[in-house]
Amino acid sequence: MMQTPFYLHDNYLPVHDELTAYDLPVTGVIPPELTGWYLRNGPNPRGASGHWFSGEGMIHGVRLEQGRAAWYRNRWVRTKSFIEGGELYRPDGSRDLTVSHANTHVISHAGRTLALVESSLPYEIDRDLRTLGPYDFGGRLVDSMTAHPKICPTTGELHFFGYGSLTAPYVNYHRADRSGVLTVNRPIDVPGHTMMHDFQLTANFVVFMDLPVVFDRSLATEGAMPFRWDDSYGARLGVLRRDDPYGAVRWFSIDPCYVFHALNASDDGDRIVSHVLRYPHLWRGTDESVATLWRWTIDLSTGSVIEEQCDDRPGEFPRIDDRLAGLDARFGHITAAADRDNGRPSAIVRYDLHSAATQAHPFAPGRTPGEAVFVPASDQPGGDGWLLTYVYDAAGNSSDLSILDTADLAGKPVATVQLPARVPYGFHGNWIPEG
């Protein structure tokens, strides 16, 4: 008897209706400074899907406005493939980059809001969640776009890469200026078609992660997730100077592992310090592994990398104050899974990356948070603020938006917005402030 996939059970189960609801009920008090849009993306398959990652993207949004929850909306991203069908890879191996699930992230840059998936072009949406169409930077982007671009807080530039070509070059690095004009397109030499989900940015460098989860054409033809662990591939970090974007990439070997998400990275000129959620392996047969927080220190003088585990708590979805992206951010946040072996509930954990101290907001049994997006409380980067996350409540089969205060993280949410529909587990999102 065939087993139903995990992503068609419990809160992975997709929802079927697109809703709009106004003046949502609130417990507590929404800080009036929070005026804007909280948008989060995730897979919401309409039918058969070979993997959770390949469900069509649905964005769930809440509009906060001067202390009230003005509305909730959920909308599928209406890509070409959503409307017409179609395959990403054509018979000749080329890609139709407008074929997209658009299910992984949603960002705002240069006045545009973009729904992202790493296989394809971005899709632009408006803040009422209507799909406007594919976006290719005025015809200058002929590549896919990672779901994890980085916005430099100093220059306003958007840094990203694309991968997915079946032939070399497998990876390309791109950069757009603060007005959204694409200014850099260059190949990055890697030996195979690996799944490069994220990368890292510092004030002076771009760091690429070339890790041993590799494309498998036989899995692709079966309609399954087309990547697997390859013991022979190796693992390395590639460092490119930002002031020489077409220069050489310098490679540093590390222990085999996989990283979906980097928390942040910074440099002092001679050393790069990065924090990542590291899996010892991924998709290697039936044995599973979990991600924990690690620190990598790349010494550019000696050519060495020091690899250190920072915590044993399983977690994912790392976020910082994005105004410190690529700089020395003191605080980072992860969503920690329930750890029954150690008696730990699901939690949002705040790490002091300078002192190694932690604070946590634990959730009651049956309540499961998603990614927590940091919203600053002041104009001074690195201070306190609020964490916004959708929380699933198994007892009521319902969801809410929880707003946590980092100054009292262990305390009750400052506000809980009751949503009119369940929000399935998903991936990433952002707070887009008014103006």
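Everything that follows concerns the structure shown earlier in this document.
Residues numbered from 1 in each chain as written. Predicted model: local features only at pLDDT ≥ 70, side-chain atom pairs only at ≥ 80, totals over all residues. Heavy atoms only, no water.

Peer 1: Before we go on, may I ask you to explain the overall build of the chain in this structure?
Peer 2: Scanning the chain from N- to C-terminus turns up 2 helices and 33 strands. In terms of overall dimensions, the chain is globule-like: its C-alpha atoms have a radius of gyration of 21 Å, near the 22 Å expected for 435 residues. Seen along its three principal axes, the alpha-carbon backbone of the chain occupies a region of about 55 × 50 × 50 Å. Here the chain, with 435 residues, has 58% of them falling under the buried criterion. Sequence-distant contacts, at least 24 apart, represent 55% of the contacts inside the chain between residues at least 6 apart. For the chain, the accessible surface area stands at approximately 18100 Å², while carbon and sulfur atoms represent 50% of it. Each charge class in the chain can be summarised by its mean position, and for the 38 positive and 54 negative side chains these summaries are 3 Å apart. (Helix = DSSP H or I, 4+ residues; strand = E, 2+ residues; numbered from the N terminus. Rg over C-alpha atoms; globule rule 2.2 N^0.38 Å. Buried < 20%, exposed > 50% of the residue type's maximum accessible area, 1.4 Å probe, protein only. Contact = heavy atoms within 4.5 Å. Areas by Shrake-Rupley, 256 points an atom, 1.4 Å probe, with all protein chains shown as cover. Lys, Arg positive; Asp, Glu negative; His and termini not counted. Charge placed at Lys NZ, Arg CZ, Asp CG, Glu CD.)

Peer 1: Help me out: how do you make sense of the pairing of strand 9 (residues 131–134) in this one?
Peer 2: When a strand is regular, its side chains alternate between the sheet's two faces. Taken together, the 3 bridges between strand 8 (residues 123–125) and strand 9 define a ladder with antiparallel strand orientation. Across the sheet, the residue bridging to Tyr 123 is Pro 134, located in strand 9. Hairpin connection from strand 8 to strand 9: 5 residues lie between these consecutive antiparallel strands, with Leu 129 at a positive phi of about 75°. (Pairing = 2+ DSSP bridges.)

Peer 1: When you look at the sheet that holds strand 13 (residues 182–188) in this model, what are you seeing that I'm missing?
Peer 2: Either a parallel or an antiparallel arrangement is found when strands of a sheet pair, and the pairing is made through backbone hydrogen bonds. Strand order across the open sheet formed by 4 strands is 10-11-12-13, with antiparallel pairing between neighbours. If you trace the sheet from one side to the other, it starts and ends with strand 10 (150–151) and strand 13, each paired once. With 2 bridges connecting them, strand 10 and strand 11 (residues 158–163) associate as antiparallel partners. Paired with Ile 151 across the bridge in strand 11 is Leu 158.

Peer 1: Can you walk me through the pairing of strand 11 in this structure?
Peer 2: For strand 11, a buried count of 6 out of 6 residues is recorded, marking the element as mostly surrounded by other parts of the structure. Burial along strand 11 is two-sided: Leu 158, Phe 160 and Gly 162 and His 159, Phe 161 and Tyr 163, pointing in opposite directions, are all buried. The pairing of strand 11 with strand 12 (residues 171–176) spans 6 bridges and is classified as antiparallel. Looking at strand 12, one finds that Phe 160 is bridged to His 174.

Peer 1: It is not clear to me how the side chain of Thr 98 should be interpreted in this structure. Could you clarify?
Peer 2: Structurally, Thr 98 can be placed in the loop between helix 1 (80–84) and strand 6 (105–109). Side chain to side chain, Thr 98 and Asp 96 meet in a polar contact 2.7 Å long. With near-sequence residues (within four places) excluded, Thr 98 lies in contact with Thr 79, Lys 80, Ser 81, Leu 121, Tyr 123 and Pro 134. (Polar contact = N/O pair within 3.5 Å; in protein donor to acceptor, adjacent residues only side chain to side chain.)

Peer 1: So what exactly am I meant to see when it comes to the environment of Ile 188 here?
Peer 2: Along the chain, Ile 188 turns up in strand 13. Counting along the chain gives 46 residues from Ile 188 to Gly 234, while the straight-line C-alpha distance between them is 17 Å. Discounting chain neighbours no more than four positions away, the residues touching Ile 188 are Val 171, Asn 172, Tyr 173, Phe 208, Val 249 and Trp 251.

Peer 1: For this particular structure, what's the right way to read the packing of aromatic side chains?
Peer 2: Remark: the centre distance and the inter-plane angle together describe each pair of aromatic rings, the angle taken between the planes. Applying the stated rule across the entire model yields 21 aromatic pairs. Considering the side-chain rings of Tyr 173 and Phe 208, the 5.9 Å spacing of their centres and the 80° angle between planes classify their relative orientation as edge-to-face. Of this pair, Tyr 173 sits in strand 12 while Phe 208 sits in strand 15 (residues 205–210), and the two are 35 residues apart along the sequence. The same class applies to Tyr 173 as to Phe 208, namely buried. (Phe/Tyr/Trp six-rings, centres within 6.5 Å; stacked < 30°, edge-to-face > 60°.)

Peer 1: Would you mind showing me how to read the sheet that holds strand 8 here?
Peer 2: With antiparallel pairing, the 4 strands of this open sheet are ordered in space as 6-7-8-9. Each of the sheet's edge strands pairs with one partner strand only, and the pair in question is strand 6 and strand 9. Looking at each pair of strands side by side, their axes are set apart by 30° on average, direction ignored. The sheet contact formed by strand 6 and strand 7 (residues 112–116) spans 5 bridges and is antiparallel. Residue His 105 lies in a different strand from strand 7, and its bridge partner there is Leu 116. (Axes fitted to C-alpha atoms, helices over the stretch in contact; angles between N-to-C directions.)

Peer 1: Would you take a moment to explain the nonpolar core for this structure?
Peer 2: Most often, soluble globular proteins keep nonpolar side chains buried together rather than apart. By size, the foremost hydrophobic cluster in this structure holds 62 residues, and its most contacted members are Met 195, Phe 208, Tyr 258, Trp 296 and Ile 298. Contacts of Phe 208, omitting those with residues within four sequence positions, involve Phe 161, Tyr 173, Ile 188, Met 196, Phe 199, Arg 236, Leu 237, Gly 238, Leu 240 and Trp 251. Ala 21, Val 62, Ile 403 and Leu 419 belong to the second-largest nonpolar core, a separate cluster that totals 22 residues. (Core = buried A, V, L, I, M, F, W, Y, C linked by side-chain atoms within 4.5 Å.)

Peer 1: Explain the pattern of salt bridges to me, please; I cannot follow it from the model alone.
Peer 2: Oppositely charged side chains may form a pair once their charged atoms are brought near each other. Within this structure, the stated rule accounts for 28 salt bridges. The residue Asp 23 makes a salt bridge to Arg 68 at a minimum N-O spacing of 2.6 Å. One end of the pair, Asp 23, is in the loop between strand 1 (20–22) and strand 2 (26–28); the other, Arg 68, is in strand 5 (residues 68–76), with 45 residues separating them in the sequence. Residue class for Arg 68 comes out partly exposed when judged on its relative accessible area of 37%. For Glu 434, the salt bridge goes to Arg 63, with nearest N and O atoms at 2.6 Å. Of this pair, Glu 434 sits in the segment after strand 33 (429–433) while Arg 63 is found in strand 4 (residues 57–65), placing the two residues 371 residues apart along the sequence. Overall, the relative accessible area of 44% leaves Glu 434 in the partly exposed class. Judged by relative accessible area, Arg 63 falls into the buried class, the value being 8%. Shared partners join several salt bridges into a network, and the residues in it are Asp 23, Arg 63, Glu 65, Arg 68 and Glu 434. (Salt bridge = Lys/Arg side-chain N within 4 Å of Asp/Glu carboxyl O.)

Interpretation note: all reported values are geometric properties and have no functional meaning in isolation.
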